Amino acid sequence: MTERVYNFSPGPAVLPVPVLEQAQREMLALPGVGSSILEISHRSKAFLEILAEAEANLRRLLGIPANYKVLFLQGGSRLQFSMIPMNLLRDSGKTAEYVVSGSWGEKAAEEATYEGEMRVVWSGKATNYDRLPAWSEVPRGPRAAYLHITSNETIQGVQFAADPDSGDVPLVCDASSDFLHRPVDIGRYGLLYACAQKNAGPAGVTIVVVRDDLLDRAPKSVPSMLNYAAYAKENSMQNTPNTFGIYVFMLITRWLEGEIGGLNKMLEFNRAKAKLVYDALDESGGFYRGHAQRPFRSLMNVTFRLPSDDVEKRFLAGATEHKLCELKGHRSVGGIRASIYNAMPMEGARLLAEYMRDFARRNG
Ligand SMILES: *Cc1c(COP(=O)(O)O)cnc(C)c1O
């Protein structure tokens, strides 16, 4: 098959067509270089320019203050689950605090226990992760090394709509599945991280935005390849970084600034897409049952169930015939999950909503 489908995969996920086209055009030879991005040294002038542009574009898009570093790491967000407590908790005598709002938050919290004392300050597990806390519900410990949240729980489809205020405690945020989907007040965060393969590029590169004062907290026992300060000192190049991943990420930042017109526009677009799908869900008279409680619904991952497993199977098979693909929910929660990241075109959301209405009419 060479025709593109509407790809609702949770990650790796859909990328903007103009970005793929440019990568394709430049695959044999980067302009002015004569070799592919896949073939050039990470120390070459051409790659250093790509790396610098990726960082500069990201700084403009998010309005990142000067006292923050931008790092491009490997190992995915799962490695950040470990690096964060290694750098900020180990030997500190403090407690790492976690808001656990879904499957990813659970895993992040567990990793902290290997480095020191961890406390879950709020958990949504009792209601199967269908809601989020109000900040007044989250108790603050006096000995917190940091407070960790997951801005969007990819599997359950619950999302914080605003940047929380954690006071003096550094706020650490796993933004893997909603990075760059809206403007963010970076000043609220001590450290914000995202693997690229959900909303910002291919697998293999993870973006970390970290405030300078958190860089020197790592004890000597943290190896340099796991140490934020060491990466900051070497401009993310202690070893060979994911050059191709950084290149595609850079093209995506250009697309966000150019074609889209910035993150306010991106948010408008994402809201409009999500509304199309949630409206189809809400108008079905209970045929589709959304997983997330309404105020916490994700703009990125729409999760819902149908009346039975059998009807779900038929929904998925029919969707594929309409070129609406990868809609199966995560194995841990089942049901349907439509991931409608930045790069999902409006037309994809519109066709999915139309299919949902039609399917409900014929099967309801
Ligand atoms: C996908 C995902 C992860 C894990 O990312 P990897 O890069 O595969 O390690 C962590 N957190 C969230 C919120 C995710 O969506």
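Below is a summary of the structure that appears in this document. (Residues numbered from 1 in each chain as written. Predicted model: local features only at pLDDT ≥ 70, side-chain atom pairs only at ≥ 80, totals over all residues. Heavy atoms only, no water.)

Quick look at the site of the ligand now. Surrounding the ligand, one finds 14 residues, the nearest of these being Arg78, Thr154, Asp174, Gln197 and Lys198. One of the backbone N or O atoms of Ser77 is found 3.0 Å from an oxygen atom in the ligand. At a separation of 2.8 Å, an oxygen atom of the ligand approaches a polar backbone atom of Arg78. Relative to its unbound accessible area of 390 Å², the ligand is 88% covered by the protein chains. Ranked by the residues each element gives to the shell around the ligand, the list is headed by helix H3 (residues 76–88), at four residues. Among the residues making up the shell around the ligand, the classes are represented as three nonpolar, eight polar and three charged. (Near = heavy atom within 4 Å. Polar contact = N/O pair within 3.5 Å; in protein donor to acceptor, adjacent residues only side chain to side chain. Areas by Shrake-Rupley, 256 points an atom, 1.4 Å probe, with all protein chains shown as cover. Helix = DSSP H or I, 4+ residues; strand = E, 2+ residues; numbered from the N terminus. Nonpolar A, V, L, I, M, F, W, Y, C, P; charged D, E, K, R; others polar.)

Time to look at the packing of aromatic side chains. On inspection of all chains with the given rule, the structure shows 13 aromatic pairs. Arranged with centres 6.1 Å apart and planes meeting at 50°, the rings of Phe287 and Phe359 form a pair that is tilted. Note that Phe287 is positioned in the loop between helix H7 (263–282) and strand E11 (289–290) and Phe359 in helix H9 (residues 346–363), a separation of 72 residues in sequence. In terms of burial, Phe287 and Phe359 fall into one category: buried. The ring centre of Trp104 lies 5.5 Å from the NZ or CZ of Lys107, which sits over that ring. (Phe/Tyr/Trp six-rings, centres within 6.5 Å; stacked < 30°, edge-to-face > 60°. Buried < 20%, exposed > 50% of the residue type's maximum accessible area, 1.4 Å probe, protein only. Lys NZ or Arg CZ within 6 Å of the ring centre and 35° of its normal.)

With respect to burial, strand E10 (residues 206–211) is a largely interior element, six of its six residues being buried. Note: strand E2 (residues 68–73) against E10, six bridges, orientation antiparallel. Along E10, the bridge assignment pairs Lys69 with Val210. Bridge count between strand E9 (residues 191–195) and E10: five bridges; the pairing is antiparallel. Considered in E10, the bridge of Leu191 is made with Val210. (Pairing = 2+ DSSP bridges.)

Honestly, it's all geometry; don't read function into it.
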